[in-house]
Amino acid sequence: MSDGSWQPLPPELTADDALEQAVLEVHRDILRELAGDPMLKLTLPVTIRALRRIDTWRVLLLLTPWMLARLLFPDEPPESEVPPDWSAGARRNVPYLVLGPQLSFDLLAQPQQAHLNYHHRLGHYLLQPICLDMDPYETADAVFTAWNQVIRTRDRNMEQARRDCPLQKEISRRELFRRFTGPGDRTRATD
């Protein structure tokens, strides 16, 4: 494998439990490196929720004192090229950076955006930040409650959009054809 290619997860992390444990250990080590940073919300733990498989990716939610993010680990390297300054060799001995270069990829046949990240114990992975300002939250439950509310609101809005869509089309059609009818002639506009 050339130095500039995607570094996959090590073979010992193919089991979900092993991946989860490694992600937790890596981010606890990062927390120790960041000690003293005033932006850390130290009342928050390093924890994982919702590890699951989506298509050819393992996806999890990671909460740390500095972020809530979705991490994505591919079964096979994605087609996106690794920038030279983000190769495994280039990133091995440099300080942690939350957001690497932005990459595009497909997940469930939908275009996605995420930030490339690398750690020598995890290889390359993608990070989609959900919240980078942890100051308002005192506990992990508060963070996940807020995130669940965002999901519920999004789901309601999507349902509302599906429900409103036919009505919006009908209203638009009426508005479009109104100019072809006389001021008192309402029946033609609805035909």
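Please refer to the structure placed before this passage.
Residues numbered from 1 in each chain as written. Predicted model: local features only at pLDDT ≥ 70, side-chain atom pairs only at ≥ 80, totals over all residues. Heavy atoms only, no water.

1. Some points on the overall build of the protein
Inference 1: Broken down by element type, the protein carries four helices and six strands.
Inference 2: Along the protein, helices (α) and strands (β) appear in the sequence α-β-β-β-α-β-β-β-α-α when read from the amino end.
Inference 3: When the 191 residues of the protein are sorted by exposure, 36% land in the buried category.
Inference 4: At a minimum sequence separation of 6, the contacts of the protein that also span at least 24 residues come to 55%. (Helix = DSSP H or I, 4+ residues; strand = E, 2+ residues; numbered from the N terminus. Buried < 20%, exposed > 50% of the residue type's maximum accessible area, 1.4 Å probe, protein only. Contact = heavy atoms within 4.5 Å.)

2. A short note on the environment of Gln-102
Inference 1: With respect to the helices and strands, Gln-102 occurs in strand E4 (residues 102-107).
Inference 2: Counting along the chain gives 26 residues from Gln-102 to Gln-128, while the straight-line C-alpha distance between them is 9.5 Å.
Inference 3: Beyond its immediate sequence surroundings of up to four residues, Gln-102 is in contact with Gln-113, Ala-114 and His-115.
Inference 4: Side-chain polar atoms of Gln-102 contact the side chain of Gln-113, separated by 2.9 Å. (Polar contact = N/O pair within 3.5 Å; in protein donor to acceptor, adjacent residues only side chain to side chain.)

3. Examining the sheet that holds strand E2 (residues 57-64)
Inference 1: A sheet is described by the order of its strands in space; here six strands give the open sequence E1-E2-E3-E6-E5-E4, paired in antiparallel fashion. Whereas interior strands pair on both sides, the edge strands pair on one side only; in this sheet they are strand E1 (47-54) and E4. If you compare each strand with its neighbour and ignore which way they point, the axes differ by 35° on average.
Inference 2: Across five bridges, strand E5 (residues 110-119) lies against strand E6 (residues 123-131) in antiparallel orientation. Among the inter-strand pairings, His-119 is bridged to a residue of E6, identified as Gly-123.
Inference 3: Lying on the sheet, helix H1 (residues 16-33) is in contact with E1, E2, strand E3 (67-74), E5 and E6; it crosses E1 at an angle near 140°. (Pairing = 2+ DSSP bridges. Axes fitted to C-alpha atoms, helices over the stretch in contact; angles between N-to-C directions.)

4. A short note on the nonpolar core
Generally speaking, soluble globular proteins have nonpolar side chains that are buried together.
Inference 1: Ranked by size, the top nonpolar core spans 22 residues in total, and within it Val-23, Leu-60, Leu-62, Met-67, Leu-71, Phe-73 and Leu-122 carry the most contacts.
Inference 2: Every element with two or more residues in this core is listed here: H1, E2, E3 and E6.
Inference 3: For this core, the leading source of residues is H1, giving six residues.
Inference 4: Sequence-distant contacts of Leu-71, that is, excluding residues within four places in its chain, are made with Val-23, His-27, Arg-58, Val-59, Leu-60, Leu-62, Tyr-125, Leu-126 and Leu-127.
Inference 5: Counting 15 residues, the second-largest nonpolar core is a separate cluster that includes Val-59, Leu-103, Phe-105 and Ala-114. (Core = buried A, V, L, I, M, F, W, Y, C linked by side-chain atoms within 4.5 Å.)

5. A closer look at the pairing of E6
Inference 1: Burial of E6 is extensive: seven of the nine residues sit out of reach of the surface.
Inference 2: Note that E3 and E6 share five bridges and pair antiparallel. In the strand pairing of E6, Leu-71 is matched with Leu-127.
Inference 3: Where E5 folds back onto E6 in an antiparallel hairpin, the turn is made up of three residues.

6. So, the pattern of salt bridges
Inference 1: One pass over the structure, following the stated rule, counts eight salt bridges.
Inference 2: Of the charged contacts, one joins Arg-32 and Asp-29 as a salt bridge, the two residues approaching to 2.3 Å between their closest N and O atoms. With Arg-32 and Asp-29 both in helix H1 and three residues apart, the pair spans about one turn of that helix.
Inference 3: Of the residues examined, Arg-32 reaches a relative accessible area of 56% and is grouped as exposed.
Inference 4: The exposure class assigned to Asp-29 is partly exposed, which follows from its relative accessible area of 30%.
Inference 5: In this structure, the salt-bridge partner of Lys-41 is Asp-135, at a minimum N-O distance of 3.8 Å. Pair noted here: Lys-41 is in the loop between H1 and E1 and Asp-135 is in the loop between E6 and helix H3 (140-177), with a separation of 94 residues, a long-range link.
Inference 6: The exposure class assigned to Lys-41 is buried, which follows from its relative accessible area of 12%.
Inference 7: Through salt bridges with shared partners, a single network forms among Glu-25, Asp-29, Arg-32 and Arg-121. (Salt bridge = Lys/Arg side-chain N within 4 Å of Asp/Glu carboxyl O.)

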